[in-house]
Each structure stands twice: as C-alpha cells, then as structure tokens.
Amino acid sequence: MKILVTGGAGFIGSNLIRLLLAEDGGPEVTNLDLLTYAGSLENLREVQDHPRYTFVRGDICDGALVGEHMAGTDAVLHLAAESHVDRSISDPSPFVRTNVLGTQVLLDQAREAGVSRFLQVSTDEVYGELPWVDPEERDAFRPRFTEETPLNPRSPYSASKAGGDLLALSYHITFDMDVVVVRGSNNYGPRQHREKLIPLMTTFAMEGKRLPVYGDGLNVRDWLFVDDFCKGILAAMERGRPGEVYNFGGNAEKTNLQVIGEILANLGAPHDLVSFVPDRRGHDRRYAIDFSKAREKLGWMPTRRFQEALAETVRWYRGNA
C-alpha cells in the first residue's frame, strides 16, 4: 500500500507518519510538505532513512507536482494546512490559498489518479462555539458538537477549513470519490509548534516570562493527545464509510486557566506569571466533541488521560528547550 501524507512535517502529520512506519510490513509513505514556519524535518529525524519513507518538498497548490507524486497512491491523508487563528486574523490570504485551493488541487489530482481513499483532516472549530459550561460542574447539561452540528465557522482559519471540508464532501457526491472527513478537538503533545497554547505557556514559564492569557482565561477547549488523534485518523482511513464525517475528542474539557495552572504546577512555577491581555477577536467561548460515532462505528476511544499526558508533554519541553 502507498500513502501520500500532506503536511507530514507538521505536528500531527509527523506523529502520524511515525505511527505508519512503526509496524513491519506497513505502507510506503510519501510526505509532501512545503516546510513553512510550522513544519520541521527535525520532527521526523528518526525515520528520515526508513526504507518505506520518502520526503518531497513542495506546495499542494502545485498541480503538476502533486500529480507526479499522486501516481500509484492508494490513499491520501490530507493534513497540510495553515492552522493558527491569530495569524488568520492578521492575514486570511494564505489560509484560503492553502486550505481551500490546495484541497481542491489535491482532490482533482487524486480523482485523476484513481486514488482509492481521500481523507480530509479537519478541526472542531468549523462548528463555531458552544454555550459556556464550567468544566467543574459535573452534573451540568453539556451540549457537544456532533457530526450533524451545522457548520458555523467564526474565524478566517475555521472558515477556510470548513471550505475545504465542504469541497471534499462535494467530490464524493458529484464525482463519487471515496472521501472521509475527520474533525479533531485541540491536539497537544511533544513537538508542537511553540505558538500554540501549551508549548507557549510551558516555554514562557520555564523562562520566567509573563504568560499572556486572552480575556478572562475561561474559554473552554476539549484536549486530545496527538497519538490518540492519529490512531483515530488511521481508524477512519481503514474503516470509515465514504462520504462520512467522524469527530474525535479527548473527553477533557478545560478552561485555558486550568490548563495553564496544571502547566505551572508541573514546572513548580508561580501562578503570578499569568498576565491577562485583551481578548482575541471572535474568540469562541467553548468547544466540546461528541465522539460516540467514532466509538460505535470505528471502535475508537481516547486512551490518554489529560493530566498524565500533559505532564509527559511538559517534561519533553523541559528536555528540549
């Protein structure tokens, strides 16, 4: 089997590639990545000479290049994306180009090459926001995103991802392509780019810097360890039904302040490093994922508890600062 992974030098993509190459007799893996600021081959140093691994530096918007490396491919795992909300607010253009146009180029080339399965990797942010519920209120009613939740993106980033998702699903309807979409909650773990919340707060606290917290710090996210999400992606690739969407969550809702508090506790750093700053435009108040469909149809469940996986993540940053 031959798999084309786009964005494989990024955080989730590199973890996925290491998982694909971990077992004997697994697939051949081609990693197509432009190596923008968030992608690094250092993430894949231990597999760079693996006999089933090939790296290609290139742009997913380059149809000729994509077509060249699509030939003979059995499955596409599409992770290449511009993915930082703050950057999308500053300049939406690269997000539309990569996340919408790039997805369209890949879909066209996959269709022409007769690829058996195209898997679009997306985010819970396409659903918008949920009513705020205190994560500590165990008996409270907790609405969560399901695969049937209407899309309501509220940032240029999430809107561009929703556009890519809808394009992919339209190719299933219009061209009868075997397309599956997966949407994950907030991923975390070692090797994540340091602009994201957990690595940013960890490295700043290690350096004794002030920790900038948007608004009141009570925005809620559902945290999913990256290895669990990668296993979900592979489960969807192997067992997902064409034209279906599958949500993956960690069952770990936390406010930003709670996450930061646990980071500081792991580091033995003072809580007075926290510094509140003006809130981000359009900052969604709460995300939470209902992953019952993935559990029932794919046999997937998150396996890592947030506290232990966060501690592992913080230890990695302490050893790799």
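Right above here is the structure, for reference.
Visitor: Please give an account of unusual backbone geometry that cites residues and values.
Guide: If you check the backbone angles, Leu 35 has positive phi at about 60° while not being a glycine. Inspection of the secondary structure assignment puts Leu 35 in the loop between strand 2 (28–33) and strand 3 (53–57). At Asp 176, a position not held by glycine, the phi torsion is positive, near 60°. Looking at the element boundaries, Asp 176 is found in the loop between helix 5 (156–175) and strand 6 (179–184).

Visitor: Tell me about the side chain of Gln 258, residues and numbers included.
Guide: Looking at the secondary structure, you find Gln 258 in helix 8 (residues 256–267). Among the polar contacts made by the side chain of Gln 258, one reaches the side chain of Glu 136 at a distance of 2.8 Å. In this structure Gln 258 touches Pro 135, Glu 136 and Glu 253, once residues within four positions along its chain are discounted.

Visitor: Got a sec to walk through the packing of helix 2 (residues 63–70) against helix 4 (residues 93–113)? Specific residues and values, please.
Guide: Two elements in contact, helix 2 and helix 4, have axes separated by 9 Å at closest approach and are oriented at 40°. The pairing of helix 2 with helix 4 is recorded here as oblique in orientation. Crossing of helix 2 against helix 4: the hand is right-handed. Contacts from Gly 63, Val 66, Gly 67 and Met 70 in helix 2 reach Val 105, Leu 106, Gln 109, Ala 110 and Ala 113 in helix 4.

Visitor: With reference to specific residues and values, describe the sheet that holds strand 3.
Guide: Pairing within the open sheet is parallel, and its seven strands lie in the order 3-2-1-4-5-6-10. In this open sheet, the two strands that pair with only one neighbour each are strand 3 and strand 10 (245–248). Across the sheet, the mean angle separating the axes of adjacent strands is 20° when strand polarity is ignored. Judged from the five bridges that link them, strand 1 (residues 2–6) and strand 2 form a sheet pairing that is parallel. Along strand 2, the bridge assignment pairs Ile 3 with Val 29. Along the sheet, helix 4 contacts strand 1, strand 4 (75–78), strand 5 (117–123) and strand 6; its crossing angle with strand 5, the most-contacted strand, is approximately 165°.

Visitor: Kindly report on helix 8, identifying the contributing residues and their values.
Guide: Because each turn of an α-helix spans 3.6 residues, side chains separated by three or four positions end up pointing in the same direction. Here helix 8 contains twelve residues, and its C-alpha end-to-end distance of 17 Å stays within 8% of the 16 Å for a straight helix at 1.5 Å per residue. Inspection of helix 8 places Asn 256, Gln 258, Val 259, Ile 260, Ile 263, Leu 264 and Leu 267 among the buried residues, and these make up the whole buried set. Tucked into the core, helix 8 has its buried residues touching helix 6 (197–206), strand 8 (211–214), strand 9 (220–225), strand 11 (253–255), strand 12 (274–277) and helix 10 (306–319). One or two positions beyond helix 8, positive phi appears at Gly 268, with a value near 65°.

Visitor: Describe the packing of aromatic side chains, with residues and values.
Guide: Applying the stated criterion to the full structure yields twelve aromatic pairs. Seen in terms of ring centroids, Trp 223 and Phe 306 are 6.4 Å apart; in terms of plane orientation they differ by 45°. Their pairing is tilted. Note that Trp 223 is positioned in strand 9 and Phe 306 in helix 10, a separation of 83 residues in sequence. Among the residues examined, Phe 306 registers a relative accessible area of 4% and is labelled buried. Site record: aromatic cluster; members linked through ring pairs are Tyr 188, Trp 223, Phe 225 and Phe 306. Between Arg 111 and the ring centre of Phe 175, over which it is positioned, the NZ or CZ distance is 3.8 Å.

Visitor: Describe the pattern of salt bridges, with residues and values.
Guide: Evaluated as defined, the whole model comprises 21 salt bridges. Note that Glu 46 and Arg 18 form a salt bridge whose closest N and O atoms lie 3.6 Å from each other. Remark: Arg 18 occurs in helix 1 (residues 11–21) and Glu 46 occurs in the loop between strand 2 and strand 3; sequence separation between them is 28 residues. Of the residues examined, Glu 46 reaches a relative accessible area of 49% and is grouped as partly exposed. In this structure, a network of salt bridges that share partners links the residues Arg 142, Arg 144, Glu 253 and Arg 286.

Visitor: Any chance you could break down the sheet that holds strand 11 for me, citing the residues and the numbers?
Guide: Overall, mixed pairing links the three strands, which are arranged 7-9-11 in an open sheet. Looking at which strands have only one partner, the edges of the open sheet turn out to be strand 7 (186–188) and strand 11. The sheet shows a mean angle of 50° between the axes of neighbouring strands, taken without regard to direction. Bridging between strand 9 and strand 11 involves three bridges; their strand directions are antiparallel. Across the sheet, Arg 221 pairs through a bridge with Lys 254, a residue of strand 11.

Calculation notes
Residues numbered from 1 in each chain as written. Predicted model: local features only at pLDDT ≥ 70, side-chain atom pairs only at ≥ 80, totals over all residues. Heavy atoms only, no water. Helix = DSSP H or I, 4+ residues; strand = E, 2+ residues; numbered from the N terminus. Polar contact = N/O pair within 3.5 Å; in protein donor to acceptor, adjacent residues only side chain to side chain. Contact = heavy atoms within 4.5 Å. Axes fitted to C-alpha atoms, helices over the stretch in contact; angles between N-to-C directions. Parallel < 35°, antiparallel > 145°, perpendicular 65-115°, else oblique. Left-handed = near helix turned anticlockwise from the far one by under 90°. Pairing = 2+ DSSP bridges. Expected span 1.5 Å × (residues − 1). Buried < 20%, exposed > 50% of the residue type's maximum accessible area, 1.4 Å probe, protein only. Phe/Tyr/Trp six-rings, centres within 6.5 Å; stacked < 30°, edge-to-face > 60°. Lys NZ or Arg CZ within 6 Å of the ring centre and 35° of its normal. Salt bridge = Lys/Arg side-chain N within 4 Å of Asp/Glu carboxyl O.

Geometric values such as these leave the question of function open.
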